[in-house]
Amino acid sequence: MDYQYPMDLDWSTDEIVDVIKFFEAVEKAYESKIQKEAFMKAYRRFKEIVPGKADEKNYTDEFEAVSTYSAYQVIKKAKGLEDGDWVKMK
């Protein structure tokens, strides 16, 4: 990984850490797999920090531009899975 995660300098250190954990969860879905519950927990925390749809889209689009990983596609897939399932992107 040789890119930076998108973030807001107004966030607290804990918020920055949690947003990074969310983007790492997206990476994990592409690079190996992640349990649906773990991913959704990271996503719910991300939404607490970034509640607006427009802001969410800006941050996830910025992440996709540097990483090629689509957070939107992982979220969409995870929401369609049953509890206990694994999120694995192709």
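Residues numbered from 1 in each chain as written. Predicted model: local features only at pLDDT ≥ 70, side-chain atom pairs only at ≥ 80, totals over all residues. Heavy atoms only, no water.

Student: What am I meant to see in the overall build of the protein chain here?
Tutor: When helices and strands are counted, the protein chain shows four helices and two strands. Listed by position from the N terminus, the elements making up the protein chain come as α-β-α-α-α-β. Relative to its length of 90 residues, the protein chain is compact, with a C-alpha radius of gyration of 12 Å against a globular reference of 12 Å. C-alpha extents for the protein chain along the principal axes are approximately 35 × 25 × 20 Å. Taking all 90 residues of the protein chain together, 39% fall into the buried category. Put simply, of all contacts in the protein chain between residues at least 6 apart along the chain, 66% involve residues at least 24 apart. Summed over all atoms, the accessible surface of the protein chain reaches about 5,700 Å², with 49% contributed by carbon and sulfur. Charged side chains in the protein chain number 15 positive and 19 negative. The centres of these two groups are separated by 8 Å. (Helix = DSSP H or I, 4+ residues; strand = E, 2+ residues; numbered from the N terminus. Rg over C-alpha atoms; globule rule 2.2 N^0.38 Å. Buried < 20%, exposed > 50% of the residue type's maximum accessible area, 1.4 Å probe, protein only. Contact = heavy atoms within 4.5 Å. Areas by Shrake-Rupley, 256 points an atom, 1.4 Å probe, with all protein chains shown as cover. Lys, Arg positive; Asp, Glu negative; His and termini not counted. Charge placed at Lys NZ, Arg CZ, Asp CG, Glu CD.)

Student: Help me understand the pattern of salt bridges, please; the structure alone is not making it clear to me.
Tutor: Oppositely charged side chains can form a pair if their charged atoms are brought close together. Tallied over the entire structure, the rule returns six salt bridges. Notably, a salt bridge pairs Arg45 with Glu48, separated by 2.9 Å at the nearest N-O pair. You can see Arg45 and its partner Glu48 sitting in helix H2 (residues 36-49), three residues apart, about one turn around the helix. Here Lys47 and Glu56 are joined by a salt bridge, their closest N and O atoms 2.7 Å apart. (Salt bridge = Lys/Arg side-chain N within 4 Å of Asp/Glu carboxyl O.)

Student: Sorry, what's going on with the packing of helix H1 (residues 13-31) against helix H4 (residues 71-79) here?
Tutor: Helix-helix packing is characterised by the crossing angle of the two axes and by the distance between the axes. Running from N to C, H1 and H4 point in directions that differ by 75 degrees, and their axes come no closer than 10 Å. The orientation of H1 relative to H4 falls into the category roughly perpendicular. On H4, the residues touching Phe22, Val26, Ala29 and Tyr30 of H1 are Ala71, Gln73, Val74 and Ile75. For the contact of H1 with H4, the per-class residue count stands at seven nonpolar, one polar and no charged. (Axes fitted to C-alpha atoms, helices over the stretch in contact; angles between N-to-C directions. Parallel < 35°, antiparallel > 145°, perpendicular 65-115°, else oblique. Nonpolar A, V, L, I, M, F, W, Y, C, P; charged D, E, K, R; others polar.)

Student: Just to check I follow, could you spell out the packing of aromatic side chains for this structure?
Tutor: We describe a pair of aromatic rings using the distance from one ring centre to the other and the angle between the two ring planes. What the rule picks out here adds up to 12 aromatic pairs. Note on Phe22 and Phe39: the rings are 5.8 Å apart at their centroids and 45 degrees apart in plane angle, and the pair reads as tilted. Of this pair, Phe22 sits in helix H1 while Phe39 is found in helix H2, placing the two residues 17 residues apart along the sequence. Judged on exposure class, the residue Phe22 and its partner Phe39 are both buried. Taking the centre distance of 5.8 Å and the plane angle of 40 degrees together, the rings of Phe22 and Tyr43 count as tilted. Note that Phe22 is positioned in helix H1 and Tyr43 in helix H2, a separation of 21 residues in sequence. (Phe/Tyr/Trp six-rings, centres within 6.5 Å; stacked < 30°, edge-to-face > 60°.)

Student: Explain the nonpolar core to me, please; I cannot follow it from the model alone.
Tutor: One finds Phe22, Phe23, Val26, Phe39 and Phe46 to be the most contacted residues of the largest nonpolar core, which totals 26 residues. At the level of secondary structure, the elements contributing two or more residues to this core comprise H1, H2, helix H3 (53-67) and H4. Contact partners of Phe22, with chain neighbours within four places excluded, come to Phe39, Ala42, Tyr43, Phe46, Thr60, Ala71 and Ile75. (Core = buried A, V, L, I, M, F, W, Y, C linked by side-chain atoms within 4.5 Å.)

Student: What's the story with H4 in this structure? I'm lost.
Tutor: Since the α-helix advances by 3.6 residues per turn, residues separated by three or four positions end up pointing in the same direction. Of all the residues in H4, the buried ones are Ala71, Val74, Ile75 and Ala78. The arc that holds the buried residues of H4, viewed along the axis, is 100 degrees, so those residues lie on one side. Facing away from the buried side of H4, by more than 90 degrees, are the exposed residues Tyr72 and Lys76. Check the buried side of H4 and you find it contacts H1, H2, H3 and strand E2 (86-87). (Arc of directions from axis to C-beta.)

Remember, this is a structural readout, not a statement about activity or role.
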